[in-house]
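# Commentary on secondary and tertiary structure
Residue strings, one per chain:
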Amino acid sequence: MKTLPINLCQTQETLGYLHREIHARRTALRNGSTPAALERELAHWEKIIQKLQTESLLQKNTRMELLYAVSQELNASLDWEETIQTVIDAVIRLTGAERGMLVLKEAGKLQTQVMRNATGKPFSEKALNFSKSIVQRALAEKKPLLTNNAQIDPRFQDSESISALGLRSILCAPLIYRDVELGVIYVENRAHAGIFSPDDLAVLAAFTNQAAVALANARTHQATNRALTRRVEELTLLQEMIRDLNGRLNFNRVMERSIAWAIKATQAANGALGLPSPEGIQWLALSTQITPADTETAKEVLQCHQPNFSPERIILPLMRENRPLGVFYLVAGEEPFTTKELELVTRLADNAAIAVENARLYEALLHSNQAKSEFVSLVSHELRTPMTSIRGYSEMLQKGMVGELTAQQLQFVETIQRNADRMRILVQDLLDISRIESGHLKIQPVATELSQSLEAAYQTVTEMLTVKQQEFNAALDEDLPLLLADPDRLTQVLINLLSNAVKYTPAGGKITVRAHFEPDRPAFVCCAITDTGYGISPADQCKLFTKFFRSEHPAIRKETGTGLGLAITKNLVELHGGAIWVQSTEGVGTTFFFTTPVAGDVSRR
Ligand code: ADP
């Protein structure tokens, strides 16, 4: 029995082979072939038919398997590039075409996205062309189209591209997903006619449905990814801008930076920032000429709180709590503005407005602080002069320099002196606080001995100690190094802490000052002032060191005070680079600790 000399799946060869066989049998019949020979021939033909049927079944199965395999591949990725490559590779494998291309709609226009040929060779420009009439027909009919010789196909007689490109065998299937035309899959063979069979068409149709779903998914994924990337970029930009703007409190600088960020974000050519002014609008941070007409529009924007948008320029109000703070004026660069830039700059303006408002508030605060400091220092100076005369004259009276005083007169004079002293301290404290707040309080650190400052402070409180019959002890480490401190300010710190200890400790109590140097923290000396007084409640400890704080404890309230001493002390300690903290137990006593930097090279004594 003869075996078939060809692979029966290859249609062209199969047909040729069959024609040749038929011709040979006819000639044999004409030449008087016997019935037995004829019988043998028929049996042979039956075998051929059987073989063809088996082959066709096998071929179908193989295609189904291939179709299944490529569907699996299609579902494996959501990446756009990978998906279009997989689609086109699968098409070549499924149809055995010479070349295939994916023609997809981009912004409404059909464009070749990817092309492949069986050999993998690069394509010429010409090869990238496809027959528009075939593609349009497939899309219009919404079903796959097959032509086995386009040159003579009556459907495309009028198509110039078909003859120009020498197209013959073409398969074209529309990619439609949920009624949206994505494009077509287009496979062709230019040299030969009759390459594709209706089976190829059916396989391509089945595959195209899956490919359409995969492409639509990949496109959605791509769009989501792009949107996400854009959002991340935008957020990063906003974050950078906020960090940049919040780092500054100078109003004009914040304005300049805000418009610079707006220009950067929108890729504008230039821009300016307008502020409401009595004349209407005042332009700042100007990097462009603004026409009178645009100034008028900007005034309207300020009034109606609505942006004015055109592809050439954006005028946008900077709003804060429904109040316009100013306007962004942006001029488009090479690319015209779109609503995307408007949305972005609106979000940017919302954030910039906060920084602009903060800078404005800060400047207002600085101005009012300045005014307050000037006022306090003026009042203090004005008070000091009369205070000095009150103190001086009352001292003269007390010393009997203008005649002997009666016991009652002396008592009155002493009251005047006490109150004048209180006033003097209050005025001094107010002056210090206002200097601290305006940043004008300066210290002049020099190598200082703690013991000398302590001695001076002790002299100030010694009278109070005697009156209250309190015990005083000082225990300074013998080898204390010199401190790097302003001696007067160090004395002031010690006076504040010592006088508080004396004031807020009942008569007969004990006050101790200790200072030690820790070799493992050699940059500082730690000083502690301990009393056996009323103590401070945990709640009050949280409020210590704030201006005007005074405890509600009745024994403490009985003492005179302003609530400014600790706030000043903390500032003085910190100006020196040290720290201050407290440990206290109600009814037991309090210890205030503070550190002061050591002078120079830990020069120990
Ligand atoms: P003043 O002593 O003029 O009230 P300060 O700022 O020096 O102001 O102190 C603030 C408050 O802290 C005091 O009124 C008091 O309530 C509390 N305080 C400070 N030192 C002590 C202390 N050694 N013991 C108890 N309470 C204290």
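Residues numbered from 1 in each chain as written. Predicted model: local features only at pLDDT ≥ 70, side-chain atom pairs only at ≥ 80, totals over all residues. Heavy atoms only, no water.

## With respect to the overall build of the protein
A tally of helices and strands in the protein yields 15 helices and 17 strands. Here the C-alpha radius of gyration of the protein, 48 Å, is well above what a compact globule of 605 residues would show, namely 25 Å. For the C-alpha atoms alone, the extent of the protein along its principal axes is close to 175 × 65 × 45 Å. Across the 605 residues that make up the protein, the buried fraction comes to 41%. (Helix = DSSP H or I, 4+ residues; strand = E, 2+ residues; numbered from the N terminus. Rg over C-alpha atoms; globule rule 2.2 N^0.38 Å. Buried < 20%, exposed > 50% of the residue type's maximum accessible area, 1.4 Å probe, protein only.)

## Observations regarding the side chain of Thr590
Here Thr590 shows up in strand S17 (residues 589-597). One polar contact links Thr590 to Ser584, side chain to side chain, over a distance of 2.8 Å. In this view, Thr590 contacts Ile529, Thr530, Asp531, Gly535, Ile536, Val582, Gln583 and Ser584; residues no more than four positions away in its chain are not counted. (Polar contact = N/O pair within 3.5 Å; in protein donor to acceptor, adjacent residues only side chain to side chain. Contact = heavy atoms within 4.5 Å.)

## Re the site of the ligand
Close contacts around the ligand come from 20 residues, with Asn500, Tyr504, Arg550, Thr562 and Leu566 the closest. Measuring from an oxygen atom of the ligand, one finds a side-chain N or O atom of Asn500 at 2.7 Å. A distance of 2.7 Å separates an oxygen atom of the ligand from a polar backbone atom of Leu566. Look at the ligand: alone it shows 530 Å² of surface, and the protein chains cover 97% of it. Among the elements of the structure, helix H12 (487-503), helix H15 (565-575) and S17 are those that each provide at least two residues to the shell around the ligand. Counting residues per element, the shell around the ligand draws most heavily on H12, at three residues. When grouped by side-chain class, the residues that make up the shell around the ligand number nine nonpolar, eight polar and three charged. (Near = heavy atom within 4 Å. Areas by Shrake-Rupley, 256 points an atom, 1.4 Å probe, with all protein chains shown as cover. Nonpolar A, V, L, I, M, F, W, Y, C, P; charged D, E, K, R; others polar.)

## Some details on the confidence of the model for the protein
Looking at the protein, the pLDDT average stands at 85 and 92% of residues meet or exceed 70. This stretch, residues 1-10, has a pLDDT under 50; its non-local contacts, to residues over four places away or in other chains, come to 21 contacts. (pLDDT = per-residue confidence, 0-100.)

## Side note on the pairing of strand S6 (residues 270-277)
S6 sits mainly inside the fold: seven of its eight residues count as buried. Pairing of S6 with strand S10 (residues 323-331), which is carried by five bridges, proceeds in the antiparallel orientation. Following the sheet pairing, Leu273 is matched in S10 by Phe328. Here S6 pairs with strand S7 (residues 280-284) via five bridges, running antiparallel. Within S7, the position partnered with Gly274 by the bridge is Trp283. From the end of S6 to the start of S7, which pair antiparallel, there are two residues. (Pairing = 2+ DSSP bridges.)

## Here's the deal with a nonpolar patch on the surface
Residues Tyr393, Met396, Leu397, Met401 and Val402 make up a contiguous nonpolar surface patch of roughly 500 Å² in combined accessible area. Note that Val402 resides in the loop between helix H9 (339-398) and helix H10 (407-438). (Patch = residues over 30% accessible without salt bridge, like charges linked within 9 Å, V, L, I, M, F, W, Y side chains within 5 Å. Salt bridge = Lys/Arg side-chain N within 4 Å of Asp/Glu carboxyl O.)

## Topic: the sheet that holds strand S9 (residues 313-320)
Strands belonging to one sheet form pairs held by backbone hydrogen bonds; the direction of such a pair is parallel or antiparallel. The sheet built from five strands is open, its strands ordered S7-S6-S10-S9-S8 with antiparallel pairing. Since the sheet does not close on itself, it has two edges, and those belong to S7 and strand S8 (308-309), each with one partner. Looking at chain direction, S8 and S9 are connected through two bridges and run antiparallel. Of the residues in S9, the one forming a bridge with Asn308 is Ile315. Of the strands in this sheet, S8, S9 and S10 touch H9, which is tilted by about 40 degrees from S9. (Axes fitted to C-alpha atoms, helices over the stretch in contact; angles between N-to-C directions.)

## What about the environment of Gln417?
Mapping Gln417 onto the fold places it in helix H10. Sequence separation of Gln417 and His553 is 136 residues, and the distance between their C-alpha atoms is 27 Å.

## Overview of unusual backbone geometry
One non-glycine residue with positive phi stands out, namely His305, at about 65 degrees. Of the residues examined, His305 reaches a relative accessible area of 28% and is grouped as partly exposed. Residues other than glycine seldom take positive phi values, yet Glu321 does so here, at roughly 45 degrees. Looking at where Glu321 falls in the secondary structure, it is placed in the loop between S9 and S10.

## Focus on the sheet that holds strand S3 (residues 145-147)
Taken in spatial order, the five strands make up an open sheet running S2-S1-S5-S4-S3, and their pairing is antiparallel. In this open sheet, the two strands that pair with only one neighbour each are strand S2 (109-117) and S3. The average undirected angle you get between the axes of adjacent strands in this sheet is 15 degrees. In this structure, strand S1 (residues 99-106) lies alongside S2, joined through eight bridges in antiparallel fashion. Residue pairing in the sheet places Glu106 in a bridge with Lys109 of S2.

## With respect to the pattern of salt bridges
Using the criterion set out here, one finds 24 salt bridges in the structure. Where Lys547 meets Glu437, a salt bridge forms, and the shortest distance between an N and an O atom there is 2.5 Å. Residue Lys547 is found in the loop between helix H13 (538-543) and helix H14 (554-558), and its partner Glu437 is found in helix H10; the two are separated by 110 residues along the sequence. Exposure remark for Lys547: the relative accessible area of 36% places this residue in the partly exposed category. For Glu437, a relative accessible area of 30% puts it in the partly exposed group. Residue Glu574 is joined to Lys570 by a salt bridge in which the shortest nitrogen-to-oxygen separation is 2.6 Å. Linking Glu574 with Lys570, this pair stays in helix H15, spanning four residues, or about one helical turn. The class of Glu574 is partly exposed, set by a relative accessible area of 39%. A cluster of three or more residues bridged by salt bridges with shared partners is formed by Arg391, Glu395, Lys399 and Asp421.

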